[in-house]
Amino acid sequence: MGLLQDKLSKFRLPQLYMERGVYPYFREIDSHQDTEVIMDGKKVLMFGSNSYMGLTYDERIIEAAVAATRKYGTGCAGSRFLNGTLDLHVQLEKELAEFVGKDDALVYSTGFTVNEGVVSCLTDRNDYIICDDRDHASIVDGRRLSFSTQLKYKHNDMEALEKELQKCKPESVKLIVVDGVFSMEGDLANLPEIVRLKDKYNASIMVDEAHGLGVFGRDGRGVCDHFGLTDQVDVMGTFSKSLASIGGFVAADKDTINWLRHNSRSYIFSASNTPAATAAARAALHILKSEPERRENLWKITNYALDCFRQAGFEIGDTESPIIPLYVRDTDKTFEVTKLAFDEGIFINPVIPPACAPQDTLVRVALMATHTKEQVDYAVDKLTKCFKKLEIIK
Ligand code: PMP
């Protein structure tokens, strides 16, 4: 056995949890993704989806994807840079830029590759990238790929951010990259204060709107719009949440986009987004703009669920979004409660390191515009029972 195989053969943590019957990953779904899914022939209530608008099975979006497949085929067989640009990609870029309020936009194949390819290529050797320590893994990977000095500050701690900015050489470029809505905790970046510090230290800001798009701001334009600060930042977003597809985009001023278009490696060296995914995202964007009642429903059900979980005695942190963390603060119990909930017909996601700090493990409940009060009542009741059984809450 080689040294590598020897090392890998010792990685047995997943097997340990499988033997204990609480392994929570790669659970198979046999139906479309909505508030109810079918798993192993049984109905399960879905509270672990990022489909905030509940659009992944919308007939109009399905039709748009089918029509695009019929017209353009199943793949583009190349990158945007060379043979993989469709008029469909360009139309979507124009519409996204206009929607979020920036000059121009670029569409990538996933949200992950946006952060990977943008954060890594904007700054140079003598520059700085500064991140919140709860930023998404794709931002972390983008930062790691860059030659710039990498700095981190404690989650949403503005004094800590200022200390990092003070460490930077005044003449160097400083890029602050933050999640607008933090994907596990559901709280918002303190953008007004981050923008104030950006101005004070002559820095730049990029905001990840993965969980903000569709949910916050006018017509779902995102957290930057919610704070009225779009003109102060660059924006990235994904299609895999509110836009019911897969793919992602960055939107910024003309010069930034011109730079990225010709330098961002995951944009240039990876095949472009499929016609179906691109058309689906575009159709979802049109629905987002024309059906504000979806976002209204999402907020109604979110506020209802927040009240219910608080009243039932759950610790839910500082969330201000449809992402509701139920803190467990113990990895084993996090897996156990996920399994107990699943046995009660409720799908929730466990969050353990590195997605959170070891003392902050939680299960993540996420709401969709299509959830009903009855579904929330059922989930709160069953989850209360499961959390009490494991003595996580009293
Ligand atoms: N940023 C954040 C904050 C995310 O939560 C995610 C996905 N979980 C991504 C980026 C990556 O997006 P995608 O899944 O669309 O690649």
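Counting of residues starts from 1 at the beginning of each chain's written sequence and follows it residue by residue. A pLDDT threshold of at least 70 governs which residues receive local features in this predicted model, and a stricter bar of 80 or more applies before side-chain atom pairs are shown or counted, although totals over entire chains, interfaces and linings include all residues. Calculated side-chain values reflect all of the structure's heavy atoms, with hydrogen atoms and water omitted.

(A) Quick peek at unusual backbone geometry. In this chain, Pro353 is followed by Pro354 through a cis amide linkage whose omega measures 5°. One can find Pro354 in the loop between strand E12 (349-351) and strand E13 (362-366). In this structure, Glu391 takes a positive phi of about 55° despite not being glycine. A 1.4 Å probe rolled over the protein chains alone gives each residue an accessible area, and that area as a share of the maximum for its type sets the label: buried under 20%, exposed over 50%, partly exposed in between. According to the relative accessible area criterion, Glu391 is exposed, its value standing at 66%. Each helix is a run of DSSP H or I of at least 4 residues and each strand a run of E of at least 2, with the numbering of both proceeding from the N terminus.

(B) Quick peek at the packing of aromatic side chains. Side-chain rings of Phe, Tyr and Trp (the six-membered ring for Trp) are treated as a pair once their centres are within 6.5 Å; stacked means planes under 30 degrees apart, edge-to-face means over 60, and tilted covers the remaining angles. Using the criterion set out here, one finds nine aromatic pairs in the structure. On the basis of an interplanar angle of 90° and a centroid distance of 6.0 Å, the ring pair of Tyr25 and Phe335 is categorised as edge-to-face. Taken together, the residues span a long stretch of sequence, with Tyr25 in the loop between helix H2 (13-19) and strand E1 (36-39) and Phe335 in helix H14 (residues 331-343) at a distance of 310 residues. Owing to a relative accessible area of 2%, Phe335 belongs among the buried residues under this scheme.

(C) Fine view of helix H12 (residues 275-290). Here, expected helix span is obtained from the residue count minus one, scaled by 1.5 Å. Its 16 residues place the ends of H12 23 Å apart at the C-alpha level, agreeing with the 22 Å of an ideal helix rising 1.5 Å per residue. Listing the buried residues of H12 in full gives Pro275, Ala277, Thr278, Ala279, Ala280, Ala281, Ala283, Ala284, Leu285, Ile287 and Leu288. Contacts: residue pairs with any heavy atoms within 4.5 Å of one another. Of the surrounding elements, those touching the buried residues of H12 are helix H3 (59-72), helix H4 (87-100) and helix H13 (292-311).

(D) Just the site of the ligand, in detail. Lining the immediate environment of the ligand, one finds 14 residues, of which Phe112, Asp208, His211, Ser240 and Lys241 sit closest. A distance of 3.0 Å separates an oxygen atom of the ligand from a polar atom in the backbone of Gly111. Counted as a polar contact is a pair of N or O atoms within 3.5 Å, where, for protein atoms, one must be capable of donating a hydrogen and the other of accepting one, and residues adjacent in sequence contribute only when both atoms are in side chains. A distance of 3.1 Å separates a nitrogen atom of the ligand from a polar atom in the side chain of Lys241. Within the complex, the protein chains bury 83% of what would otherwise be the 390 Å² of accessible surface of the ligand. Broken down by element, the shell around the ligand gets its largest block of residues, three residues, from helix H5 (residues 111-119). Put simply, a residue is near a molecule or strand once any heavy atom of it comes within 4 Å of that molecule or strand. Note that accessible areas follow from Shrake-Rupley with a 1.4 Å probe, and for residues the cover is restricted to the protein chains shown.

(E) Structural context of the sheet that holds strand E9 (residues 248-252). Spatially, seven strands are ordered E3-E9-E8-E7-E6-E4-E5 in an open sheet, and the strand pairing comes out mixed. The open sheet has two edge strands with one neighbour each: strand E3 (104-108) and strand E5 (149-153). Averaged over all pairs of adjacent strands, the angle between their axes in this sheet comes to 20°, without regard to strand direction. Of the pairings in the sheet, the one linking strand E8 (residues 234-238) to E9 comprises four bridges and is antiparallel in character. Residue Thr238 lies in a different strand from E9, and its bridge partner there is Gly248. Contacts from H4 reach E3 and E9 within the one sheet, and its direction differs from that of E3 by about 125°. Only when DSSP finds a minimum of two bridges between them are two strands counted as paired. Inter-axis angles, ranging from 0 to 180 degrees, are taken between N-to-C directions of lines fitted to C-alpha atoms, where helices are fitted over the stretch in contact.

(F) Broad picture of the pattern of salt bridges. When a carboxyl oxygen of Asp or Glu is within 4 Å of a side-chain nitrogen of Lys or Arg, the pair counts as a salt bridge. Across all of its chains, the model carries 25 salt bridges by this definition. Salt bridges sharing common partners tie together Asp58, Arg60, Glu291 and Arg294.

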